[in-house]
Amino acid sequence: MTSEEYQKNPKEYEQYVKSVTPSHSLAANMAKAFLTGGLICTAGQWILNTARELGTDAETAGSWCSLILIFLSVLLTGLNIYPKIGKFGGAGGLVPITGFANSVASSAIEFRSEGQIFGIGCKIFTIAGPVILYGILSSWGIGIIYYLFQFLEVTV
């Protein structure tokens, strides 16, 4: 049907829209996000516990955990597996540190055909850039507020 025919029959158009619009179950999406995020965090906790058992201190174990999770995320992104995890798990796959690593790696992969400098170099932080920018900006703002509280001897 053309747009003119749909204007004549708005009920048919409404039925058409309903037939092509995907339906989502909020409960199912929340369960998938919980499962996916939980599995990622469980893997991270296992890495952390293993590093601690090998004799590292808490800070070093945390660093190893972050590095390994980031490496696995980038590797799975390069193998086109992490996007499937993100599609299945929604926010559960995108919120942890692995989701951030995935966003950086996928930008690099997407623009690699444009070259090292103008492709990867310029586009790698397309998604992650705003996160970094506002993280630094908000840290700076909070630091100024903290300094003013210290200067005015306000205890919180």
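The shown structure was predicted, so the numbers you read here are calculated from the model rather than taken from an experiment. The written sequence of each chain sets the order in which its residues are numbered from 1. The predicted origin of the model limits local features to residues at a pLDDT of at least 70 and limits the giving and counting of side-chain atom pairs to 80 or more, whereas totals for whole chains, interfaces and linings rest on all residues. Calculated side-chain values reflect all of the structure's heavy atoms, with hydrogen atoms and water omitted.

Draft legend 1. Highlighting the overall build of the protein chain. The helix and strand tally for the protein chain stands at 9 helices and 0 strands. Only runs of H or I of at least four residues qualify as helices and only runs of E of at least two qualify as strands under DSSP, and these elements are numbered from the N terminus. Put simply, the protein chain runs from its N terminus to its C terminus through helices and strands in the order α-α-α-α-α-α-α-α-α. Dimensions along the principal axes, computed over C-alpha positions, put the protein chain at roughly 70 × 45 × 40 Å. Partly exposed describes any residue whose relative accessible area lies between the buried limit of under 20% and the exposed limit of over 50%, with all areas from a 1.4 Å probe on protein chains only and scaled to the type maximum. Out of the 156 residues belonging to the protein chain, those deemed buried represent 21%.

Draft legend 2. Structural context of helix H4 (residues 58-78). Given a helix with a known number of residues, its expected span is that number minus one, times 1.5 Å. A rise of 1.5 Å per residue sets the reference length of H4, with its 21 residues, at 30 Å; its end C-alpha atoms lie 30 Å apart and thus fit the reference within 8%. Listed in full, the buried residues belonging to H4 are Ala61, Cys65, Leu69, Ser73 and Thr77. When H4 is viewed along its axis, its buried side chains cluster within an angular range of 135 degrees and face the same direction. Opposite the buried face of H4, by more than 90 degrees, sit the exposed residues Glu59, Leu67, Phe71 and Gly78. By the N-cap criterion, in which a side-chain oxygen at the helix start approaches the backbone nitrogen of a residue two or three places on, H4 is capped by aspartate 57, the distance to glutamate 59 being 3.1 Å. Phi turns positive one or two residues past the end of H4, at asparagine 80, with a value near 60 degrees. Arc, as used here, means the arc of the directions from the helix axis to the C-beta atoms. Whenever a nitrogen or oxygen atom comes within 3.5 Å of another N or O atom, the pair is scored as a polar contact, on the condition that within protein one atom can donate a hydrogen and the other can accept it, and that pairs from neighbouring residues in sequence are kept only if both atoms are in side chains.

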